[in-house]
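Listed below, chain by chain, are the residues.
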Amino acid sequence: MPKSKKRSNRPAGGRQKAIQPFSDDDSSVETMSHCSSFSDAASFAEDGAEVDEEAAQEDFEFKLKGLIDLTMDKSAKTRQAALEGLKNGLSSKILYDFILERRLTLTDSIERCLKKGKGEEQRVAASLACLLCCQLGSGIESEEVFKTLAPVLKNIISDRSASMPARQACASYLGLCCFIATDDIEDLYMTMECMENVFTKQYRSEGGTDNASALHIQALQSWALLLTICHSSEVKKKIDIHLHKLPRLLSCDNVNLRIAAGETLALLFELAREADADFYYEDLEPLTETLKGLATDCNKHRAKVDRRKQRSVFRDVLRAVEDGEFQSEVIRFGRERMHIDCWVKRLTYGVFKELFGSGMQFHLMTNGFLRSIFELGPPLLLDAATIKAMKVSRDERHMNNSAAFKARTKARSKLRDKRADVGEFF
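Criteria and thresholds
Residues numbered from 1 in each chain as written. Predicted model: local features only at pLDDT ≥ 70, side-chain atom pairs only at ≥ 80, totals over all residues. Heavy atoms only, no water. Helix = DSSP H or I, 4+ residues; strand = E, 2+ residues; numbered from the N terminus. Buried < 20%, exposed > 50% of the residue type's maximum accessible area, 1.4 Å probe, protein only. Contact = heavy atoms within 4.5 Å. Areas by Shrake-Rupley, 256 points an atom, 1.4 Å probe, with all protein chains shown as cover. Pairing = 2+ DSSP bridges. Arc of directions from axis to C-beta. Axes fitted to C-alpha atoms, helices over the stretch in contact; angles between N-to-C directions. Parallel < 35°, antiparallel > 145°, perpendicular 65-115°, else oblique. Left-handed = near helix turned anticlockwise from the far one by under 90°. Nonpolar A, V, L, I, M, F, W, Y, C, P; charged D, E, K, R; others polar. Salt bridge = Lys/Arg side-chain N within 4 Å of Asp/Glu carboxyl O. Disulfide = S-S within 2.5 Å. pLDDT = per-residue confidence, 0-100. Lys, Arg positive; Asp, Glu negative; His and termini not counted. Polar contact = N/O pair within 3.5 Å; in protein donor to acceptor, adjacent residues only side chain to side chain. Patch = residues over 30% accessible without salt bridge, like charges linked within 9 Å, V, L, I, M, F, W, Y side chains within 5 Å. Charge placed at Lys NZ, Arg CZ, Asp CG, Glu CD. Core = buried A, V, L, I, M, F, W, Y, C linked by side-chain atoms within 4.5 Å.

When helices and strands are tallied, the protein shows 19 helices and two strands. For the protein, the residues scored as buried account for 46% of the 426 residues in total. Within the protein, residue pairs in contact and separated by at least 24 positions form 72% of the contacts whose partners lie at least 6 positions apart. For the protein, the exposed surface amounts to about 22600 Å²; the carbon and sulfur share of it is 50%.

Next comes the structure, spelled out in structure tokens:
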């Protein structure tokens, strides 16, 4: 899926004056409670209250400035809480002008937290780096952010002394940052090579630990995402290398790794058929037999939830590999709809949804860069009254949730009778 590469004509943000870290006395319980209030996504929503939008925006940006200052605090807990607050803020609003003016300061803060922090702090800092690129869009500014932070992210990925959640996050967000920001083909290929060095270890593994498998899953997903924006000649080269090796991962003990390998195989077949209408895979028959086995897996030594999840995914994968079919789905946001009609879109949407969380619908409506990726056109111009009318009130949400809960309970109560499972083959 081609990305629109726009060079911003806006003036680049200047470096802010150096902010001195707060002392230990400043990192009091009051400061921590003040900071933690920003990390709650609900604190960014003004539900039902009529406030002056301009004043509310100024107050919001004032809070974000305070959080940026706190990212340089001596206390790791304070820094982490500030990063969480910034992450939730950037997920919930479009802040291009605010971010552009403080781009260098934010980049320095993220780099410092990645180098100085441990574990959870590094994980949140990596996600914030990705959100920063998403806010800036695809242009010179985000490319400079990527070039500054990419070496640090790569070091954490390869550092075995770093915590596994931090390494997983860096593998995931390095790939997405590269997808958003890079305009240099060499940076793209080097990032893909970094991911290949991680997940190809699983080709030689006899199972591995769940933690290591989780890292390999994130690296494989990032690699697949970057493959979707490669030149067709590079795509063919990578398919020739990996299409015969990826089926080895289908026998791994970790269900999530099996699913990631299956979805990547479906993506490779889709890309291969787009590049060559006469594409033929020699080992198609044994591969489809393996996929059929996974799509009808009834092994009792595996958890029932894992079996159901695996069967659901591999039925789609089997259709994609055998017949080139894809079961499309519709994403509704605001007054618009988006059709997910291929594996490329499915992967791209899943990665961004993981990043934005509950803010995904808002960014689909308002983020021009994200809309360009999914070919949605420019954002619709909606006035404040229309946007407010589109919001569901708290009472309506409660009633809808209650009705859904009752319907779920009735449906589940019918399935609790063991006789209902007789004859279940899928």
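This brings us to the pairing of strand β2 (residues 336-340). Burial along β2 is one-sided: the residues E336, M338 and I340 are buried and none of R337 and H339 is. Two successive antiparallel strands, strand β1 (residues 329-333) and β2, enclose a turn made up of two residues, where G334 displays a positive phi of approximately 60°.

Let's shift gears to helix α11 (residues 232-242). Turning to α11, its buried residues number three or more, namely E234, V235, K238, I239 and H242. Angular distribution of buried residues about the axis of α11 spans 135°; they occupy a single face of the element.

With that settled, the discussion passes to the packing of helix α6 (residues 120-136) against helix α15 (residues 343-356). Pairs of packed helices are described in terms of their axes, by the angle between the two and the distance that separates them. For the pair α6 and α15, the least separation of the axes is 10 Å and the interaxial angle reads 110°. For the element pair α6 / α15, the angle class is roughly perpendicular. The way α6 lies across α15 gives a crossing that is left-handed. Touching S127, C130, L131 and C134 of α6 are F352, L355 and F356, all from α15. Of the residues assigned to the contact of α6 with α15, the class counts are six nonpolar, one polar and no charged.

This paragraph deals with the pattern of salt bridges. With the rule as written, the count across this model stands at 17 salt bridges. Note that E84 is salt-bridged to R123, the shortest N-O span being 3.7 Å. Here R123 lies in helix α6 and E84 lies in helix α3 (residues 76-92), a separation of 39 residues in the sequence. Here D187 ties to K147 by a salt bridge, and the two come within 2.6 Å at their closest N and O atoms. Pair noted here: D187 is in helix α9 (residues 185-199) and K147 is in helix α7 (residues 140-158), with a separation of 40 residues, a long-range link.

Running from N to C, helix α13 (residues 284-295) and helix α14 (residues 304-323) cross one another at 155°; their axes reach a closest spacing of 8 Å. As the angle between them shows, α13 and α14 are arranged roughly antiparallel. Relative to α14, α13 is oriented so that their crossing is left-handed. Residue-level inspection shows L284, L287, T288, L291, K292, L294 and A295 of α13 in contact with α14, the latter providing Q310, R311, F314, R315, V317, L318, V321 and E322.

Moving on to the state of the cysteines. Counted by the stated rule, this structure contains zero disulfides. Of all cysteine sulfurs, the one in C177 lies closest to C133, which takes part in no disulfide; the gap is 4.1 Å. By relative accessible area, which is 1% here, C133 ends up buried. Here C170 stays free of any disulfide, with the sulfur of C177 as its closest cysteine sulfur at 9.9 Å.

Moving on to the confidence of the model for the protein. Chain-level pLDDT for the protein is 82 on average; 79% of the residues reach the 70-or-more range. Across residues 4-34 the pLDDT falls below 50, and counting only partners more than four positions away or on other chains, this stretch makes 49 contacts in the model. Here residues 41-50 scores under 50 on pLDDT; set against residues more than four positions off or in separate chains, the count is 13 contacts.

The next thing to look at is unusual backbone geometry. With a phi angle near 55°, E375 is a residue other than glycine that sits in the positive phi range. Structurally, the position occupied by E375 is in the loop between α17 (368-373) and α18 (384-390).

We now examine the side chain of D73. Tracing the backbone shows D73 in the loop between α2 (53-70) and α3. Among buried charged residues, D73 stands out as having no salt bridge; its nearest opposite-charge side chain is R79, 6.1 Å away. Side-chain polar atoms of D73 contact the backbone nitrogen of S75, separated by 2.8 Å.

Our next topic: the environment of V124. Turning to its location among the elements, V124 is positioned in helix α6. Residue V124 is classed as buried on the basis of its relative accessible area of 0%. Along the chain, V124 and L86 lie 38 residues apart, while their C-alpha atoms are 9.6 Å from each other. Among all residues touching V124, those that are not within four sequence positions of it are L83, E84 and K87.

On the surface, R160, K201, R204, K245 and R248 cluster together to form a positively charged patch. With respect to the helices and strands, R204 occurs in the loop between α9 and α10 (210-227).

Next up on the list: the nonpolar core. L114, L176, I180, W223, M338, F352 and L364 are the most contacted members of the largest nonpolar core, which totals 119 residues. The greatest single-element share of this core, amounting to 13 residues, is contributed by helix α8 (residues 164-181). What F352 contacts, discounting residues up to four positions off in sequence, is C134, L176, F179, I180, M360, F369, L370 and I373.

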